[in-house]
Amino acid sequence: PPCGTCVDAAPRCEPQRPQGDGIPKESSPFINSAEMDRGNIYEGKNMALFEEEMDSNPMVSSLLNKLANYTNLTQGVVEHEADEDSKRKEIKAPRMGTFIGVYLPCLQNILGVILFLRLTWIVGTSGVLESFIIVFMCCACTMLTAISMSAIATNGVVPAGGSYYMISRSLGPEFGGAVGLCFYLGTTFAGAMYILGTIEILLAYISPSAAIFKAEDADGETEAMLNNMRVYGTCTVALMAIVVFVGVKYVNKLALVFLSCVILSIFAIYAGVIKTAFDPPDFPICLLGNRTLSRRNFDICAKFIEVNNETMTTKLWSLFCDNPSLNATCDEYFNLNNVTEIQGIPGIASGVLIDNLWSAYTDKGSIIEKKGHPSVTGTEETKVGGLPYVFTDIMTYFTMLVGIYFPSVTGIMAGSNRSGDLRDAQKSIPTGTILAISTTSFIYLSCIVLFGACIEGVILRDKFGEAVNGNLVIGTLAWPSPWVIVIGSFFSTCGAGLQSLTGAPRLLQAIARDGIIPFLQVFGHGKANGEPTWALLLTAFICEIGILIASLDSVAPILSMFFLMCYMFVNLACAVQTLLCTPNWRPRFKYYHWALSFLGMSLCFALMFICSWYYALIAMLIAGCIYKYIEYRGAEKEWGDGIRGLSLNAARYALLRVEHGPPHTKNWRPQVLVLLNLDSEQMVKHPRLLSFTSQLKAGKGLTIVGSVLQGIYLDKYIEAQKAEENIKSLMGVEKTKGFCQIVVSPSFRDGMSHLIQSAGLGGMTHNTVLMAWPQSWKQTDNPFSWKNFVDTVRETTAAQQALLVAKNIDLFPTNQERFSEGNVDVWWIVHDGGMLMLLPFLLRQHKVWRKCKMRIFTVAQMDDNSIQMKKDLQMFLYHLRLNAEVEVVEMFENDISAFTYEKTLMMEQRSQMLKQMQLSKNERERENHRISGLEGTTRGHLVQPPAQSRTNSQVNHPSQVFPNIQPGPPPLQLETIDRKQGQPPLFVFLGKTQLNWRGKGSLCLPSRSSHFKPLFPPSDFYFGAAVLSAAGSKILLKWL
């Protein structure tokens, strides 16, 4: 191959050696050589996208290898434990399938502490039927959520973060951050719940003698138990946090042990149930009447026994009597009732299911009683405190049990959290998750029926097994040994606690690294290998809060709220994406529907308030505060979320609704198109124009800020982008809420015309144009300045829009200024329906003008009834609900324009006549058109200037006369009238403004003079218009 050109200091070329097909690598300026060199790190490495498993290992060996490498940790944890890149071993491509990668982790996460410690108590308290309803509702909620989650998870790869990633990328950073933090709190409190379950199993069923705090009497047992759980729980949290910090890979080796404990425990329960059908275990319960007795302080269930033909009292006798003798004084209920012993687990064929069908809710401190058992109540109430009865520790009711049970069905996100480790995530996640939920739902529902059919009701309601000497009821039911359940549940809950302390910090780290919540940035950092050290410390601290609560039944509803909120928004995300039909919504999982997602969302919302309405409100308040914080302080992220699509659909729907007809008078407000001038650097010449706009609009209604660049778009598109950025930046500084539109046109006049015609969309179009007075209109060497201005006025009029012209706009107040006093004066010459009243009213809504007063001036002739005119105007303002002072200025007739007076008089007469006639709407419109035609004829006659001052030549200079005005009803006409020789011409604005008008008329804002005087000699024709002038702290609307 030919030698290339060398550019180094020693120009020496060596021929390239052919590689591969013999064609050398291309040298192109579009290829980054640094990146090509960086790509060399992949040479010699296995980069296969797919590799047959059977090529290397046979089937049995492969399965055993997968089980040996089984992990229940979230994606990315094992990689964090590896060494640095230079020392990292070669990692094979993800090979996990549905069973190992999704099904077993979900199974292990769902089956947990509630099944072993609380399910029997829930069945005994609420009965089989209501327990079935509780479990069915919760399982249906998770199944519907799994369907929605499967659709979202198969619409792309879900990296570390799991549910947070799905919600944030579907509903936006605000919802994602709020729900992600709630899910983080739920996962952290779940860790606290698992740790509390571990300590409860340890102290109640494995080693009761390990308790540090001992209860002196029965009343202090609960408090002593809670204190023991606080001490042991704190130590366990610290130990687990150290283990997670040192290395999760060591705990990962025990993942298969934890999974085996769960599966063996489930099989042991079913085996024990089958065994009770022909050989029920010996599990006696001692009853006094129908009251259950605690077996912790006595061993013989009898009042007295025969020893060597002699009647001896038992230890039970001494618990109810003041001395062990037969003639001792005993408790009345003890004397009246017999002591009986029944079997706690009579077996599945005993028919006890009928007795356990219905609920038995009780208050706190109630004695657990067997329904239907004979009992004799004493005549007087006896104190039961201190007696060896089995008491309930909390008040029970249906909704509370829902909150306690729901955490047992969580854990459905285990598969989606590890999608990157799966061979085919889009197939494995839906299949494995739905199968796991179906399996666990069957286990829970069948256990409810089997527990109710095998175990006596009083034992089911005995939460801590006091009636059976502190044994675990479900352990006694299991076969071959109770220790299978005790040890299995201990290790499974311990493993679940470790997993929560491992997964929660990484979820917080994912949120922090997204940068949507500024104060969480510190938790995105950690060790050099990526371990979230700071997030782990925060997680351990929050987990300690749950440990200090110490009661498993109090912690469970808290995490139920956070999980339910997370699941609710997963369903919402799927429903929104489905209804919007966005192009990128193409999930591989097809068995979903927006109705199912909406049903799941409604069920989650209902369960939140069923569990605990005050916890639900607190959780929603926390999520709402986080949402608003992210909205106002968080970093802006564009993730193509569904909320933005929903906003676009809502905007489209609203625009179509607005398009149906003109706005009502009550809804009218000026929708402003602000025309800005730019300098050579594409900077705004008059920034105060935007200040005035924000003061006039106060963020309400439509504001379009437009400008024109002269040239060809292909040559000016970069300048157009720069101008748009500058204008948007200035709009942000001036707090002008609106839209920016830049037009590139060969001529400035055509660009202005395009803006006036095409700005806005549908019903959201402008009805008012705001621009600055041309500065160089008097200069003869710049004829286009005034001509462009005049053409803009004419085009605004043709578009039936109002025109606001601000003169000396740079002297207007900024948004930071505050007027402590002053007046806004309105010189009301022509009856315009209240337009001139509306403008100062809108200005006074802003902080700059809030303390200014409003004054209305009107003009009357000397022989008019000024007092009556003032009263009428005050009444008119009263009906408009405006507070303003009214002044009537009397002038001679020759000082008042005949047209102005006639116009005002005719409009007042017409309004009064139509009001008196009480015509229908159509009739009033016809009458308006007829009278407007008469006005146009009169106006066409009035505005004819003297013949000698008019010319038909082309208008090239303001001294020349504009085209003749023909009779008719045009809304606005512009005339230039030559005054006496040597005097400059004056512009005259003609038009009408009505409150229900869609932009007819004009408002001229030129002068800074602070006094009123007629500007035209009596011999010339002129028309009244409002003038807004700024003089010190006073802003005056005047008349020309």
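Preceding block: the structure.
Here's a quick rundown of the structure.

What counts, and at which threshold
- Residues numbered from 1 in each chain as written.
- Predicted model: local features only at pLDDT ≥ 70, side-chain atom pairs only at ≥ 80, totals over all residues.
- Heavy atoms only, no water.
- Phe/Tyr/Trp six-rings, centres within 6.5 Å; stacked < 30°, edge-to-face > 60°.
- Lys NZ or Arg CZ within 6 Å of the ring centre and 35° of its normal.
- Pairing = 2+ DSSP bridges.
- Helix = DSSP H or I, 4+ residues; strand = E, 2+ residues; numbered from the N terminus.
- Buried < 20%, exposed > 50% of the residue type's maximum accessible area, 1.4 Å probe, protein only.
- Disulfide = S-S within 2.5 Å.

## Comments concerning the packing of aromatic side chains
Within the structure shown, the criterion is met by 24 aromatic pairs. Looking at Lys303, its charged tip hangs above the ring of Phe334, at a distance of 4.5 Å from the centre. Positioned over the ring face of Trp121 is Lys463, at 4.2 Å from the centre of the ring.

## A word on the sheet that holds strand 2 (residues 291-292)
Taken in spatial order, the 3 strands make up an open sheet running 2-1-5, and their pairing is antiparallel. A strand with exactly one partner marks an edge of an open sheet, and here the two such strands are strand 2 and strand 5 (339-343). Note that strand 1 (residues 284-288) and strand 2 share 2 bridges and pair antiparallel. Within the sheet, the bridge partner assigned to Leu287 lies in strand 2 and is Thr292.

## What about the pairing of strand 11 (residues 823-828)?
For strand 11, the buried fraction is high: 6 of the 6 residues fall into the buried class. Every second residue of strand 11 is oriented toward a common face, with Asn823, Asp825 and Trp827 on one face and Val824, Val826 and Trp828 on the other, all of them buried. Note: strand 11 against strand 12 (residues 853-861), 6 bridges, orientation parallel. Across the sheet, Trp827 pairs through a bridge with Phe857, a residue of strand 12.

## Details of the state of the cysteines
Evaluation of the coordinates by the stated rule reveals 2 disulfides. For Cys286, the disulfide goes to Cys301, at an S-S distance of 2.0 Å. An S-S torsion of about 85 degrees defines the bridge between Cys286 and Cys301 as right-handed. With Cys286 in strand 1 and Cys301 in the loop between strand 2 and strand 3 (304-306), the pair connects residues that are 15 residues apart, well separated along the chain. Residues Cys286 and Cys301 agree in their burial class; the two are buried. Here Cys321 connects covalently by a disulfide to Cys330, the sulfurs 1.7 Å from one another.

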